[in-house]
Amino acid sequence: MVVHIIAVRRRATLGPRCFARKRQMPANILNVRRGRRSNLPKREKKALKSGCGFSHGFLTLTSLAHAALLLSCFALRVNLARNGDSLHLPAGIAQFGGLWYPQRACARDPVKERIGRGRRRGKGGTMRAIIIGAGNAGRLLTDRLCREQHDVVVVDRRREPLQALEAQYDILAVRGVGANPRVLKEAGVSQADLLVSVTREDETNLLACACAKAAGAEFCVARLASPDYFSSDSPLRLDALGVDLAVMPKRECSRDIERLIQMSAAREVVPLLGGRIFVVGCTLPAGSPLLEGPLSSLAESELLQQTRIIAVRRDEKTSIPQGDTRLKAEDEVYIAARPDTVPDLFAWMGIQQTRIRKVLIGGGGDLGLDLAMSLEKSDLSTVLIEANEARAVHCSGALDRALVIQASIMDSEALEDAGLTSETAYIAATGDEENNIISCLLAKKAGAALTVAQISTPEYVPIIGRLNLLDRAVSSHLSLVNAILRFIRGRNVRATSLLQTLRGEMIEMELRGDSSWVGKKVRELRVPREALIVAVRHGDEARVPTGDTELAAGDRLVLYAMGSSARKLKSILRF
């Protein structure tokens, strides 16, 4: 008779600031009982196959004698506890999560395993990434890297967010200050391919990158909130501090808002191929020509030949349309097209687009001020509302043409006094997402043509869009993660974007000469079901591909992928 104890949960602490890894047990146990071990990591598979030892919370015994010894030790401990005595473990017996078991040669220390292995880079290799900061940006970046099956270590001084991430993802959590050399050493910084510091403190992010680069980390990315570090007058050189990429989230988000102002009818605008192709999301109105039949019957339209519908969202479900797909009114469709084609496309689809002549910005923080400074260069009239007197004075000195009003964005009279009309876009850019949403509702009631709110929690962006509380919602954290993902992709993958209102991602990459796609037409390619080719750039010409488009080495491709299709594309194209 063979007894297998499949899983034992543990809460032991490995080191003074390091929490033990643990896995979500039910799914793994279920798969083992059914004879499938595909969801288990390699070390668990090896342990189950060999029938010895434990790995990351798993303990396997292959003899009845070992199981009896385990239960005997537990009973002995209970009896001793009743008598108030203690037990000194003999050599060869170790404690594990409140139980005892005989030490085996195959027992491993998960911390040493995680940080002791050498780097594995190359085609399709797993990347070792250290993320400092377990806030919204750190959580979102952890989610993306874990989905791509990279080794992720998260460092934060707070216990609660680390425990939440450990319970959800397969990561190693290290508690401590990310700029502390000892904490970085515990996280295995010398073996890191990438270190990303996304805390709210610029100084901590810079010092963490400097320490990590000196310790041997290959690439370091810092989140910086202050624009002073990007000024040409700054005597500080970021590359001298070991920073390979510095990202200012508010500035990235400001650019996203500008594109929404330019295309007020679009739910989202994502530039691709250097701005040569746009992906725009919009809601289909009743009576649109796209509702007349299946998409295959509309292929004769000359305008549709220059565009491509890449995704449709209906009843909170997203799908990639096929030739027999029939669209319905109120469907959200995402279309790839050249920027000069979008206005004609919207007019043909029956989508009314209001021209924005004035922009009212609520909040004079980093995002509001950066947006106002950028809009000053256009012909749009700009007004900025800031409640804090000192900050309002600062904004007034930094702006040349924009009008600055000291008032609360929650004051509906202040919004009307600022000149809010039916051709005005209202942007709520304070640090309080609740006030941003409420002030957008006030502006919409006052007659604003477009309302946009900055949301601190990225997961709220698609929810707010579905509830129709306001016109648009943006997240600076999503903008930050997009910038980081564009950097950490392989050499041949130079850009990637997360859609703020749609699941999936846009991947922009260069087609390698040894790829199996070279020399083939689009209709001949074996593309995963939940993926498609959005656009192709050959030389300086960018266009939406047709079935007869032939790919060549060096072409820039834009692909849209959902779920596991992104990993399948990674395997096919070797990026």
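Here, residues in each chain are numbered from 1, in the same order as that chain's written sequence. Selection of residues for local features in this predicted model requires a pLDDT of at least 70, selection of side-chain atom pairs for listing and counting requires 80 or more, and totals for whole chains, interfaces and linings are taken over all residues. Each side-chain value is worked out from all heavy atoms of the structure, with water and hydrogens disregarded.

Here the focus is a nonpolar patch on the surface. Patch criteria: residues need more than 30% relative accessible area and no salt bridge. Like-charged residues are merged within 9 Å; nonpolar side chains of Val, Leu, Ile, Met, Phe, Trp and Tyr are merged within 5 Å. Methods summary: accessible areas were calculated by the Shrake-Rupley approach with a probe of 1.4 Å, and residue burial reflects only the protein chains presented. By definition, a salt bridge exists where a carboxyl oxygen of Asp or Glu is found within 4 Å of a side-chain nitrogen of Lys or Arg. Together, Leu441, Tyr460, Ile463, Leu467 and Leu469 make up a nonpolar patch on the protein surface, roughly 440 Å² of accessible area in all. Going along the chain from the N terminus, every DSSP run of H or I of four or more residues is numbered as a helix, and every run of E of two or more is numbered as a strand. Note on placement: tyrosine 460 falls in helix H16 (residues 460-467). For each residue, the accessible area found with a 1.4 Å probe, counting protein chains only, is set against the maximum for its type, and the residue is called buried under 20%, exposed over 50%, and partly exposed in between. Residue classification places tyrosine 460 among the partly exposed positions, given a relative accessible area of 41%.

Among the 6 residues that make up strand E4 (residues 151-156), 6 are buried, leaving the element largely enclosed by the rest of the structure. Where burial is concerned, the two faces of E4 agree: the one with Asp151, Val153 and Val155 and the one with Val152, Val154 and Asp156 are both buried. Two strands qualify as a pair provided that DSSP identifies no fewer than 2 bridges between them. Taken together, the 5 bridges between strand E3 (residues 128-132) and E4 define a ladder with parallel strand orientation. Among the inter-strand pairings, isoleucine 131 is bridged to a residue of E4, identified as valine 154. Handedness of the crossover is the feature at issue here: the chain leaves E3, passes through helix H5 (residues 136-147), returns alongside E4, and the resulting connection is right-handed. Bridge count between E4 and strand E5 (residues 172-175): 4 bridges; the pairing is parallel. Every crossover in which the path from the first strand over the helix to the second runs clockwise, viewed with the strands pointing away from the viewer, is termed right-handed.

A word on the pairing of strand E15 (residues 381-386). When you tally the buried positions in E15, you get 5 out of 6 residues, the bulk of the element. After leaving strand E14 (residues 358-362), the chain enters helix H12 (residues 366-375) and then returns to the sheet as E15, a path that is right-handed. Across 4 bridges, E15 lies against strand E16 (residues 403-406) in parallel orientation. Paired with isoleucine 385 across the bridge in E16 is isoleucine 405. A crossover links E15 with its parallel partner E16, the connecting element being helix H13 (residues 389-398), and its sense is right-handed.

Counted by the stated rule, this structure contains 19 salt bridges. The shortest N-O distance in the salt bridge between aspartate 256 and arginine 259 comes to 2.4 Å. Of this pair, aspartate 256 and arginine 259 both sit in helix H9 (residues 249-262), separated by 3 residues, roughly a single helical turn. We classify aspartate 256 as buried; its relative accessible area is 16%.

A word on H12. In an α-helix, one turn spans 3.6 residues, which is why side chains three or four residues apart end up on the same side. By the criterion of burial, H12 is predominantly enclosed, with 8 of the 10 residues buried. For H12, every residue scored as buried is listed here: Leu367, Gly368, Leu369, Asp370, Leu371, Ala372, Ser374 and Leu375.

On to the confidence of the model for the protein chain. Every residue carries a pLDDT, the predictor's confidence in it, which falls somewhere between 0 and 100. Residue-level pLDDT values for the protein chain average 75, and 74% of them are 70 or greater. Any two residues whose heavy atoms approach within 4.5 Å are treated as being in contact. Throughout residues 490-495 the model reports pLDDT below 50, and contacts reaching past four residues in sequence, or to other chains, amount to 19 contacts.

A few words on the sheet that holds E16. Here 6 strands make up an open sheet; going across it, the order is E16-E15-E14-E17-E18-E19 and the pairing parallel. In this open sheet, the two edge strands, each paired with only one partner strand, are E16 and strand E19 (472-474). Pairwise comparison of adjacent strand axes, ignoring direction, gives a mean angle of 20 degrees for this sheet. Geometry is summarised by axes, namely lines fitted to C-alpha atoms with helices restricted to the contacting stretch, and by angles between N-to-C directions that run from 0 to 180 degrees. Lying over the sheet, H9 contacts E14, strand E17 (424-428), strand E18 (450-454) and E19, oriented at roughly 165 degrees with respect to E18.

What the 5 strands build is an open sheet, ordered E9-E10-E13-E11-E12; its pairing is antiparallel. On the outer flanks of this sheet lie strand E9 (268-272) and strand E12 (317-319), each paired with one strand and no other. Here the average twist between neighbouring strands, direction ignored, is 15 degrees. Across 5 bridges, the pairing between strand E11 (residues 308-314) and strand E13 (residues 332-337) is antiparallel. Looking at the pairing, alanine 311 lines up with tyrosine 334 of E13.

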